[in-house]
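# Architecture at a glance
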Amino acid sequence: MLAQDQPSRSHDDCDFLAPGWRPHLAQEFQKPYMEHLRQLLRQEQRERCQVFPPREKIFRALKLVDFDNTKVVILGQDPYHGVKQANGLAFAVEKGIPLPPSLQNIFKEIKNSIPQVKSIEPTLEGWAQQGVLLLNTVLTVRENQAFSHRGKGWETFTDKVISCLNEKTTPVVFLLWGSAAQSKSILIHNPLHFILKAPHPSPLSAHRGFLGCGHFLMANKFLQEHNLDPICW
């Protein structure tokens, strides 16, 4: 399985997914690109390169938010590449870890647009519990090398995730932050769904349109218009 340096079997891999995802994604673990990813991670291990997040957390976003429960997708680029930062949920960190600049800007946007929000847990697990899938386009990264696992196969897997969500018969809000995330918009053509695009919340781009984008308010407005509970951000 991907979480161990050993050959994979699909039912082992699927243990890392919530049950509702398994019928949609099980076959992906048998495809050549996934074996290439396994080989990549084994090679990184042999070369003593640190990879984030920990292997048992690579699919954590798809473990915490099941297919049928997904109401909002927040799509980023790839995991944080600093020690102890990435935890398997895009943009999240564990308690006690200094807030990365991207997460600081996310919190700033929420508090500016929804002043009644006073505090937000950096783990973002509260969002996941409400049906917010926190996904990156690429699910692993080498230490201190942003986007180092781009083009290795993860994009094929996350394309499949987005394509499955596109087929849902209940509305989903897609928040696509940054060019890597926005490249997935071509996969979202079901008129039930709502796409919101903004620059990545990184300090390099946040002031070019992420701050002030109003995505959190617009997402909740859409959910309420479709008789779905809004997200308590």
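Quick caveat, the model's predicted, so the values are computed rather than measured.

## Re the packing of aromatic side chains
Tallied over the full model, the rule gives 13 aromatic pairs. Look at W127 and F216: their rings are 6.1 Å apart centre to centre, the planes differ by 50°, and that puts the pair in the tilted class. Of this pair, W127 sits in helix α6 (residues 125-129) while F216 is found in helix α9 (residues 215-225), placing the two residues 89 residues apart along the sequence. Assigned by exposure class, W127 and F216 land together as buried. Look at W177 and F216: their rings are 5.9 Å apart centre to centre, the planes differ by 70°, and that puts the pair in the edge-to-face class. Within this pair, whereas W177 is found in strand β5 (residues 173-177), its partner F216 is found in helix α9, the two being separated by 39 residues in sequence. Judged by its relative accessible area of 0%, F216 is buried. Among the aromatic residues, ring-to-ring pairing joins F91, W127, W177, F210, F216 and W233 into one connected group. Lying across the ring of F67, K168 places its NZ or CZ 5.0 Å from the centre.

## Some points on unusual backbone geometry
Omega for the bond connecting F52 with P53 falls within 30 degrees of zero, at -5°, which places this linkage in the cis form. Tracing the chain through its elements places P53 in the loop between β1 (51-52) and α4 (60-64). Positive phi is not limited to glycine here, since N144 has a value of about 65°. Turning to its location among the elements, N144 is positioned in the loop between β4 (141-142) and α7 (154-166). Here F147, not a glycine, exhibits a phi torsion of approximately 60°, which is positive. Turning to its location among the elements, F147 is positioned in the loop between β4 and α7. Classification of F147 as buried rests on a relative accessible area of 15%.

## Quick word on the confidence of the model for the protein chain
When the pLDDT values of the protein chain are averaged, the result is 95; 95% of them are 70 or greater. Ranking the helices and strands of the protein chain by mean pLDDT puts strand β3 (residues 132-136) first, with 99, and helix α1 (residues 10-14) last, with 64. Across residues 3-11, where pLDDT falls below 50, the model places 16 contacts with residues more than four positions away in sequence or in other chains.

## Side note on the pairing of β5
Where burial is concerned, most of β5 is hidden: five out of the five residues are buried. Residues V173, L175 and W177 line one face of β5 and the alternating positions F174 and L176 line the opposite face, and both faces are buried. Note that strand β2 (residues 72-76) and β5 share four bridges and pair parallel. Pairing of I74 across the sheet is with L175, part of β5. Two elements, β5 and strand β6 (residues 194-198), share five bridges in a ladder whose sense is parallel. Note on β6: the bridge partner recorded for L175 is L196.

## Side note on the pattern of salt bridges
Pairing is possible between side chains that carry opposite charge, provided their charged atoms lie close to one another. Evaluation of the coordinates by the stated rule reveals eight salt bridges. Measuring nitrogen to oxygen at the nearest pair gives 2.9 Å for the salt bridge that ties K31 to E28. On the basis of relative accessibility, which here comes to 4%, the residue E28 falls in the buried class. With its nearest N and O atoms 3.8 Å apart, the salt bridge here joins E121 to K95. Residue E121 is located in the loop between α5 (101-113) and α6, and its partner K95 is located in the loop between β2 and α5; the two are separated by 26 residues in the primary sequence. Among the charged side chains, a salt-bridge network with shared partners connects E35, R38 and R42.

## Notes on the nonpolar core
W21, W127, F157 and W233 are the most contacted members of the largest nonpolar core, which totals 77 residues. A total of six residues in this core trace back to one element, the largest contributor, which is α7.

The rules behind the values
Residues numbered from 1 in each chain as written. Predicted model: local features only at pLDDT ≥ 70, side-chain atom pairs only at ≥ 80, totals over all residues. Heavy atoms only, no water. Phe/Tyr/Trp six-rings, centres within 6.5 Å; stacked < 30°, edge-to-face > 60°. Helix = DSSP H or I, 4+ residues; strand = E, 2+ residues; numbered from the N terminus. Buried < 20%, exposed > 50% of the residue type's maximum accessible area, 1.4 Å probe, protein only. Lys NZ or Arg CZ within 6 Å of the ring centre and 35° of its normal. pLDDT = per-residue confidence, 0-100. Contact = heavy atoms within 4.5 Å. Pairing = 2+ DSSP bridges. Salt bridge = Lys/Arg side-chain N within 4 Å of Asp/Glu carboxyl O. Core = buried A, V, L, I, M, F, W, Y, C linked by side-chain atoms within 4.5 Å.

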